[in-house]
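# What the coordinates show
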Amino acid sequence: SRARKRLERKPLSIERTRGSEMLFGIAPCSLALSQSRRDLFRLFLKQSSGPRRLVMSELVLQATARGVPVHHITRRELDALCRGQVHQGVCLEATPLRFKSLEEAEKPHLGLEESQNQQLVWLALEQIQDPMNLGALLRSAYFLGVDRVVTSQRNSCPLTPTVSKASSGAMEVFDVYSTDDLQSFLKAKTAEGWEVVGTVSNPEDVEDVPVISCLEFQWNKPVIIVIGSEGDGLSLETQLLCHRMLAIPPGRPLHPGIESLNVSVATGILLHSICSQKLKHGD
């Protein structure tokens, strides 16, 4: 009894595999196990009873099918493994996911006419630094039918376990691309016949680019929606490459200081406003 108490007080030290990271949460771990995008080392589970027991059994089956060893450990050990994050009783040791190179992965360019006839929507992210925001953006983009997400390499959050959890596992199934020159990428897509649309919370902040409500936007060619960083929005250089800027009309007069939305919430509203046109056109 004394020995057991001592063991319960002092969590086991678990040595991590070199170059690995610790995914946490049911959705990220389950989706990582079902895909072949990471190398997987070990699955760590808390013994569960009640409704979660079935979920844990499924995870064990998935891990066994992939040849991943399963370890049952205490909640304290799980807390230590993922540094106190909300793990839902599950951690998975795996190699990190990297951004895909836009240059390497680019499909052959569509002909101008063919490209203009396709209702494609891409999301470009300029210097999104908060992993919770990046995860929420990926979740919305995946859910609402965005065809590709491209992020700027400089000053952007990497694809961490926190991003995967915030995306509810969407990061595990949805490729994210990256470019070291966002402006050149936008210029190239404009030359191919795409429309580049920026976003702004305060229309007075924009010069030399027309600003319209997202409700007025008509989607009649492939479009790239560009989202700026949490603090500063889009850089001036990127703004000037946009054909139009979209604003979300507020539902009431706003007090100073609370005149804007969180970046992931605003993006969800804008994407829904645009992607719902895809559904109408498809009917």
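Just so you know, these numbers come straight off a predicted model, no measurement behind them. (Residues numbered from 1 in each chain as written. Predicted model: local features only at pLDDT ≥ 70, side-chain atom pairs only at ≥ 80, totals over all residues. Heavy atoms only, no water.)

## A closer look at the sheet that holds strand 4 (residues 90-94)
Under the convention used in this document: Two strands qualify as a pair provided DSSP detects at least 2 bridges between them. Secondary structure elements follow DSSP: runs of H or I no shorter than four residues count as helices, runs of E no shorter than two count as strands, and numbering proceeds from the N terminus. Each axis is a line fitted through C-alpha atoms, and for a helix only the stretch in contact is used; angles between axes span 0 to 180 degrees, taken between their N-to-C directions. By definition, residues are in contact when any of their heavy atoms lie within 4.5 Å.
Taken in spatial order, the four strands line up as 1-4-2-3 in an open sheet, and their pairing is mixed. A strand with exactly one partner marks an edge of an open sheet, and here the two such strands are strand 1 (21-24) and strand 3 (70-73). Taken over all neighbouring pairs, the strand axes of this sheet differ in orientation by 25 degrees on average, direction set aside. The strands touched by helix 2 (residues 26-34) are strand 1, strand 2 (40-46) and strand 4; relative to strand 4, the strand with the most contacts, the crossing angle is about 40 degrees. The sheet strands contacting helix 3 (residues 52-66) are strand 2, strand 3 and strand 4, and the helix crosses strand 2 at an angle near 160 degrees.

## A closer look at the packing of aromatic side chains
Selection rule: Here a Phe, Tyr or Trp ring, Trp counted by its six-membered ring, pairs with any other such ring whose centre lies within 6.5 Å, and the pair is stacked when the planes are under 30 degrees apart, edge-to-face when over 60, and tilted otherwise. A ring is considered to have a charge above it if a Lys NZ or an Arg CZ atom is located within 6 Å of its centre and within 35 degrees of its normal.
Tallying each qualifying case throughout the model produces three aromatic pairs. Relative to Phe185, the ring of Trp122 has its centre 6.2 Å away and its plane inclined at 5 degrees; by these criteria the two rings are stacked. Here Trp122, found in strand 6 (residues 121-125), pairs with Phe185, found in helix 9 (residues 182-191); they are 63 residues apart in sequence, far enough to count as distant. Through successive ring pairs, a cluster of aromatic residues spans Trp122, Phe185 and Trp194. Directly above the ring of Tyr177 sits Arg148, whose terminal nitrogen or CZ lies 4.1 Å from the centroid.

## Re unusual backbone geometry
To keep things clear, this is the line we draw: Relative accessible area decides the class of each residue, using a 1.4 Å probe on protein chains only: under 20% of the type maximum gives buried, over 50% gives exposed, and in between gives partly exposed.
The residue Gln127 is not glycine, and still its phi comes out positive at about 60 degrees. Residue placement: Gln127 occurs in the loop between strand 6 and helix 7 (131-144). Gln127 sits in the buried class, given a relative accessible area of 19%. Positioned with a positive phi, Ser168 is a non-glycine residue whose angle comes to about 55 degrees.

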